[in-house]
Amino acid sequence: MTSSIDQRKTKRAPAKAAMPSRAWQRMLSGRRLDLLDPSPLDIEIGDIAHGLARVARWNGQTKGAHALSVAQHSLIVEAITRTLHPRWSKTWLRAALLHDAPEYVVGDLISPFKAAVGLDYKAFELRLLSAIHRRFGVPDPLQEETTQAIKAADHVAAFFEATALAGFATDEAARFFGTPKLPVALERELRALTPLPAEQANAAFLARFAALSG
């Protein structure tokens, strides 16, 4: 005959409810960004600048005492865009500065790895970029002509980053990114590119954003 004590021993403990997976990130501003459904209300330029200044381009495989940050890269792309399109409004230049802003959350995956990850990753990145555009008054989606112009400036920046810092030969970089044509002064500056410390890149990004938002 089974005792009540034995019966208690054989009872199974109730299963604990599974903890829901966390799909948000807390930012230093105190905002909690929902990664699956990002809201413009939870996006702050200070968080973007701070994050991008600490994300390394080229997986950190660059020369110098500091990594080349995505914040500095964004400043370069905006400067190239401004040079090639002198009539662009501040709104379009702001779009150029923010073109890689989702990387403050997702990091900077090199292009071959993005291709391996597939379209789901790209869809997430575009969803976050859309929220960033809406937060900072950039039309979304951008006109295709504007998007392509920013991509072209991005390729120019990549060419000079690759040859000045990432160990690419000129002909090798040209195969991947094309051969850029820039005014002599800007080309000379980019050929002497030096990565900035994170705090300087952060401050420069915020200053340029402020200049394009006034």
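Structure: above.
These numbers were taken from a predicted model, which means no experiment stands behind them.

S.K.: What is the right way to look at helix α11 (residues 198-213) in this model?
M.R.: For an α-helix, the turn length of 3.6 residues means that residues three or four places apart are oriented alike. A rise of 1.5 Å per residue sets the reference length of α11, with its 16 residues, at 22 Å; its end C-alpha atoms lie 22 Å apart and thus fit the reference within 8%. Among all positions of α11, only Ala-201, Asn-202, Phe-205, Phe-209 and Leu-212 are buried. The buried residues of α11 occupy an angular sector of 100° when the element is viewed end-on, so they sit on one face. On its buried face, α11 is in contact with α2 (45-52), α3 (70-84) and α4 (90-97).

S.K.: Teacher, can you tell me more about the pattern of salt bridges here?
M.R.: Close approach of charged atoms allows side chains with opposite charge to pair. Going through the model one piece at a time under the given rule, you end up with seven salt bridges. Across the pair Glu-44 and Arg-31 runs a salt bridge whose closest N-O atoms are separated by 2.9 Å. Pair noted here: Glu-44 is in the loop between β2 (32-34) and α2 and Arg-31 is in the loop between β1 (24-26) and β2, with a separation of 13 residues, a long-range link. Linking Arg-135 and Glu-44 is a salt bridge whose minimum nitrogen-to-oxygen distance equals 3.5 Å. In this pair, Arg-135 sits in helix α7 (residues 119-135) while Glu-44 sits in the loop between β2 and α2, placing the two residues 91 residues apart along the sequence. Taking relative accessible area as the criterion, Glu-44 reaches 21% and is therefore assigned partly exposed. One network of salt bridges, in which partners are shared, links Arg-31, Glu-44 and Arg-135.

The rules we used
Residues numbered from 1 in each chain as written. Predicted model: local features only at pLDDT ≥ 70, side-chain atom pairs only at ≥ 80, totals over all residues. Heavy atoms only, no water. Helix = DSSP H or I, 4+ residues; strand = E, 2+ residues; numbered from the N terminus. Expected span 1.5 Å × (residues − 1). Buried < 20%, exposed > 50% of the residue type's maximum accessible area, 1.4 Å probe, protein only. Arc of directions from axis to C-beta. Contact = heavy atoms within 4.5 Å. Salt bridge = Lys/Arg side-chain N within 4 Å of Asp/Glu carboxyl O.

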